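# Reading the structure
Each chain, written out:
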Amino acid sequence: MKFSMAARGSAVWRFSFRLAFSLALLYFILDRVNLASVTEKLGSFAPWALFSSLLCQFASNVAASIRWRTVMNSAHGARQSHGFYLRSLFRASFINQCLPTIIGGDTLRVVDLAKRSVPYREALGGVAIDRVSGFAGLMLLNLIMLPIAGNIFPPAMFWTVTLTSAAAIVVVGIGLGMPLDRWLGGSRRLAGLLEMIVFARRVFFSFRGLTLQAALSLSVHILSILSIFILARNLGIQLPLSNFLLILPTVFLLATIPLSISGWGIRESSMVSLFAIAGADQSTILATSVCFGILSLASTLPGLWFLIRGQHRAAKLG
C-alpha cells in the first residue's frame, strides 16, 4: 500500500509538472503570435480537411499496430491476431494522450502481451524494440529528405540534423551487431539487456525484416505528416510536401521529450520556430499544430471504447 501511494504521488507530481511546462510553453508561443488570428483560423478548417487529416492519423495508428505485430511475430513467434495488437495499441495511445495515470501506454501493452502468455521480458523487449523502430524511422526520414530539401535549414542546423540522424542509426546498428551476448553472457545483471539485443537481431537482421520495419515506420510517420500537410494547405500554406517531410521529423522527436503532456507546447513552439525558417506564417502554423493535436487525441478515441469494453468483460468474469 505504501508503495502504491508513493507511486501515485509521484505520478501526480510528474503530471502536474508536465502540465505546467506545457501551459508555460503555450503561453510563451501565444504571446509571440496574433491570438485573434489563431482563433479565427481554428474556426476556418473545412470539414473535408478535418476528416482527411483525422483519417491519416487513424491510418498511422493502424500502421503502428502492424509494425508492433511484425516485431512480436519475428522475435517471439507470438501469433496473436491483428485485432489484439490494434486494440492494445489504441488503448495505449488513448492513455498516453489523455490520462494522468501511473500505468503508461507502453506498460499497458506489456501487460496485454503477458496476459496472452508471452513472457514478461519478451513482452517488454517487443515494446522497446517497436519504439526503437519508430525512432529509427524518423532518423531515416531525415536522412532521405535532407539532400532533397536541405536548403531550408541554415548550414549549422542542416549538419547538426544530418550528423545526429546518421550517428543515431549507426549507433543502433553497432549496438545490435556487437556480440555482447557472447562477451557478457555470464552477467546476470545484464541478462535482460542481452536478451533484448538477441530479440532485436531476430527482427532486424534479415533483408525482409529490416525492409519491413523501415517501410512500416516510414508509413507511420509519413501518414502523420500528411495529416499536418492537409491542415496547413487548407489554411493557405503553400510550402511543398518535401518541406513538411524535412521539418516534421525533428518536431516529432522533440515532442517525445518527456517534459510535457503528449508533446503539447513543445510541438507548437518547435513547429512555429522551424516553419518560420521556411517562411510560413506563425499564426497559421500554430493553428495547424493545435488542430493536429486535437485530432491526434480524437484518433485515439477507439482506445476509450476498448478500455470500457475490457472493464465490462472483467466485471462479468469477476
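Provided above is the structure to which this section pertains.
Now for a look at the structure at hand.

Conventions we followed
Residues numbered from 1 in each chain as written. Predicted model: local features only at pLDDT ≥ 70, side-chain atom pairs only at ≥ 80, totals over all residues. Heavy atoms only, no water. Helix = DSSP H or I, 4+ residues; strand = E, 2+ residues; numbered from the N terminus. Buried < 20%, exposed > 50% of the residue type's maximum accessible area, 1.4 Å probe, protein only. Contact = heavy atoms within 4.5 Å. Areas by Shrake-Rupley, 256 points an atom, 1.4 Å probe, with all protein chains shown as cover. Phe/Tyr/Trp six-rings, centres within 6.5 Å; stacked < 30°, edge-to-face > 60°. Lys NZ or Arg CZ within 6 Å of the ring centre and 35° of its normal.

## Notes on the overall build of the chain
Looking only at helices and strands, the chain has 14 helices and zero strands in total. Along the chain direction, N to C, the helices and strands of the chain fall in the order α-α-α-α-α-α-α-α-α-α-α-α-α-α. Looking at the 318 residues of the chain, the share that counts as buried comes to 44%. Across the chain, the fraction of contacts at a sequence separation of at least 24, relative to all contacts at a separation of at least 6, is 72%. Of the roughly 16,200 Å² of accessible surface on the chain, 68% is carried by carbon and sulfur atoms.

## Some thoughts on unusual backbone geometry
A positive phi angle, near 70 degrees, is found at serine 117, a position not held by glycine. Relative to the helices and strands, serine 117 resides in the loop between helix H5 (105-115) and helix H6 (120-149). With a phi angle near 55 degrees, serine 262 is a residue other than glycine that sits in the positive phi range. Looking at the element boundaries, serine 262 is found in the loop between helix H11 (241-255) and helix H12 (266-277).

## Observations concerning the side chain of threonine 300
Looking at the secondary structure, you find threonine 300 in the loop between helix H13 (282-299) and helix H14 (301-317). In contact with threonine 300, not counting residues within four places along its chain, are Asn61, Phe90, Ser93, Phe94 and Gln97.

## A word on the packing of aromatic side chains
Applying the stated criterion to the full structure yields seven aromatic pairs. Ring geometry for phenylalanine 84 against tyrosine 85: centres 5.0 Å apart, planes inclined by 75 degrees, an arrangement best described as edge-to-face. The class for tyrosine 85 is buried, based on a relative accessible area of 0%. Feature note: the residues Trp68, Phe84 and Tyr85 constitute an aromatic cluster, connected by ring pairs. Directly above the aromatic system of tryptophan 68 lies the positively charged group of arginine 109, at a separation of 4.6 Å from the ring centroid. A cation over an aromatic ring shows up here: arginine 267 above the ring of tryptophan 264, its NZ or CZ 4.6 Å from the ring centre.

Structural measurements only, silent on function.
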